[in-house]
Structures are given as C-alpha cells and as structure tokens.
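Spelled out, the chains give:
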Amino acid sequence: MSSQDIPEENLPAERDHAHGAVGVADEKNPFADPGLPPHEHRIQDIDERAAKRSERAVAFLFTLSMLATVGFIASYVAIPHDKSVFIFPLGHISALNFALGMTLGAALFCIGAGAVHWARTLMSDVEIADERHPIAAEPEVKAKVMADFRDGARESALGRRKLIRNTMFGALALFPLSGVVLLRDLGPLPEDKLRHTLWAKGKLLVNMNTNEPLRPSDVAVGSLTFAKPEGLEEHDHDFQTEIAKAALMIVRIQPDNIKDKRELEWSHEGIVAYSKICTHVGCPISLYEQQTHHVLCPCHQSTFDLSDGARVIFGPAGHALPQLRIGVNDEGYLEALGDFEEPVGPAFWERG
C-alpha cells in the first residue's frame, strides 16, 4: 500500500518546513537547486496496526539483546575454560570463547538492529532543509532548536511507544554487565592475602642457607640468620610470592639489652625474629650492626633498632618491622607461635 492509494484526509499532517528554494538553471547558475522530492508516507505512518507490528519487532530485538547478555554471563560461569567443541568449518575451538563471542555479538547486533528498525519505520522520515545561519546563536535560533528537539522527541514516539522504550532501556542497562563480568579475568581476588603469611603456630624456623631447622644453639649472640617457614621449598611454583612475605631475620641479643617489653616476651633467650621485608618499598634487609643492634636497608638507608621493637630511627620507612613470636618445641627446635600480628611489607597502611 502506498500513500497514493490513501484518501487525503487519512494521511498524517505534514510539518511546515521549507524544502529549499527551487531554482531554474541559466547561464549564471547552471546548477540550480531542484528542491526536495515529494514525501511519500510509509505504511507505518498510515496504518497504526503496521506501526504496532514494527513496535513489537523492535521490542523483540531489544529483548533478544537482554537474553543474549544473560547468556553471556551464564556461559562465562558455567562453561569450563578447557572444554572444546567441533564447529564446522572452524574445527575444534574453545566452547567458552565460542559461546562468549556469539552471545556478545548477538547482544550488540540486536541493540543496533532494533535501533535501526525503530528509526526507519517509526521515527519521522520527513527530510528538512535548513538554511545556514551564523555561528552565534540568536534567541530565536535557540527557541527554534528547542522546538525542533521537542518535535523530534514527539516524532520518535519514545513517550508513546512505552514497550520500545522499556525494552531498549533494559537492553542498554544489561549489556554493560558483560564488561563487568570480564573484569573477573584480571586475576584472582586478593581477599585477605596481604594480611597473612605462611607462618603459623608450630611452623619450624628453617635456615635459608642450610635448609635445616634451627635450634637456639645455632644462633650466636651478635649473629644474623635468615629463615623461612617449614615446608616452603625453592622449587615450589609460589616460592617467590610466599618468601616475599615470610622471609625472616633472626638475631640474638642479650636479654638485658632488649628495651621493648613485648619484644622480650615474644623472644626466646634473647633470640628475636623480625620480618626481613623493609616497610618502605619492600627491599630485603641484610645489613646488621652488632654493637648498636641496628639493621639497615641497603636501598634507601631506612634503619631499624632491633633492641627496641625494630622501630624506625632513620630513613623513609613509615613503621616498625613486624615481629614474629617464637618459642621452642619438645624436640628443641625454634618454632613460630603464630603468624605476624600485622601485615608485612611496604605501604600497607596506605592501602588499607
């Protein structure tokens, strides 16, 4: 059905817009403006039933987009990453990648197809010619822009076509969830890993050099010994991650020279155990002065007093080294009596 077959009184009223000046070609103006062709009404402009069918089609596409987004999230959760399927002619491919690509593509396509179908069948298709105007907007121009905006909003039928509006908002609101779900692939959640190390009650202190458990007699006054938790081996895949938190330095100080009361209580016969990780930027501390009981970080010269709770006495470090409470088990080996009571490493307090 075309607009020529419809009685004039049934056709929608045309908007009063200038269609451009129609000129006649002559010697001075060989390229005359032919003007705009006569506007032909679409079936949706004439028949409300056809408009309703287009409205349902657009809403159906937006609904498909919502279902595809839900399918994307369900595929991400339910399909194992190592599962493969045979897809002709692609061959064996990852089932997860195939499902994610298909659902994400369908969600995007349906939003685009719905918007295009909406614009082509339900929004106004009247061509409007507007003469150029000065860049500086006059009050009359501003009023005209606002009037055009209101006309466009009315012609888009967004307020009247509630089914399209609601399904479009649903599709646009659900689609970003796909990106939120993909953030999960940035890595495992940190949880409270920064607050804990491998040290626990009963873990033996193992000498880093000999790989043997330490006895109190192995630690001489004035010496510096490095230790790791029992069970942590260099060939373990997570060795570097764990030793970066659990590395320990052990020194023996005459009990009368220990100034901090808690440090004395957490030691054994003057043997104290502190984190080896500097609280400035995480460098390993390795320099010890026997006479002053100071340890020095070689990176930025942060200095800690091991006879006074490992407090900072010089340098950029922000807080004292965490101390590990130790004791001796029934077999005479040094053991941890728990984990560090505060997180080890640099800048933790700024991270919360």
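Residues numbered from 1 in each chain as written. Predicted model: local features only at pLDDT ≥ 70, side-chain atom pairs only at ≥ 80, totals over all residues. Heavy atoms only, no water.

### So, the state of the cysteines
What the rule picks out here adds up to 1 disulfide. A disulfide bridge connects cysteine 283 with cysteine 299, and the sulfur atoms are separated by 2.2 Å. Its S-S torsion of about -110° marks the bond between cysteine 283 and cysteine 299 as left-handed, since a negative value means left-handed. Taken as a pair, cysteine 283 in the loop between strand 6 (271–275) and strand 7 (287–289) and cysteine 299 in the loop between strand 8 (294–296) and strand 9 (303–305) lie far apart in primary sequence, 16 residues in all. Looking at the unpaired cysteine 278, the closest cysteine sulfur is the one in cysteine 297, lying at 3.8 Å. (Disulfide = S-S within 2.5 Å. Helix = DSSP H or I, 4+ residues; strand = E, 2+ residues; numbered from the N terminus.)

### Points about helix 3 (residues 95–121)
Note that an α-helix has 3.6 residues per turn; residues three or four places apart therefore point the same way. Its 27 residues give helix 3 an end-to-end C-alpha distance of 38 Å, which sits within 8% of 39 Å, the value for a rise of 1.5 Å per residue. Residues of helix 3 that are buried include every one of Ala95, Leu96, Ala99, Leu100, Thr103, Ala107, Cys110, Ile111, Ala113, Gly114, Trp118 and Thr121, and no others. (Expected span 1.5 Å × (residues − 1). Buried < 20%, exposed > 50% of the residue type's maximum accessible area, 1.4 Å probe, protein only.)

### A closer look at the sheet that holds strand 4 (residues 224–229)
Strand order across the open sheet formed by 5 strands is 3-4-5-6-11, with antiparallel pairing between neighbours. Two strands lie at the open edges of the sheet, namely strand 3 (205–207) and strand 11 (323–324), each paired on one side alone. Two elements, strand 3 and strand 4, share 3 bridges in a ladder whose sense is antiparallel. Across the sheet, residue valine 206 finds its bridge partner in strand 4, namely lysine 228. (Pairing = 2+ DSSP bridges.)

### Notes on the sheet that holds strand 9
The strand order across the open sheet built from 4 strands is 7-8-9-10, with neighbouring strands paired in antiparallel fashion. Either end of the sheet is taken by a strand with one partner, and the two such strands are strand 7 and strand 10 (311–314). Here the strands of the sheet are splayed against their neighbours by 30° on average, with no regard to which way each runs. When strand 8 meets strand 9, the two strands line up antiparallel, connected through 3 bridges. Looking at strand 9, one finds that histidine 294 is bridged to aspartate 305. (Axes fitted to C-alpha atoms, helices over the stretch in contact; angles between N-to-C directions.)

### Quick look at the UniProt feature "transmembrane region" (unreviewed entry) in the chain
When the UniProt feature table is mapped onto this chain, "transmembrane region" (unreviewed entry) is found at residues 58–79, 99–119 and 163–183. Between the first and last C-alpha atoms of residues 58–79 the distance is 31 Å; the span itself is 95% helix and 0% strand. For the annotated span residues 163–183, helix accounts for 86% and strand for 0% of the residues, and the straight-line distance between the end C-alpha atoms is 32 Å. (UniProt positions renumbered as here; feature names shortened; annotations may be inferred.)

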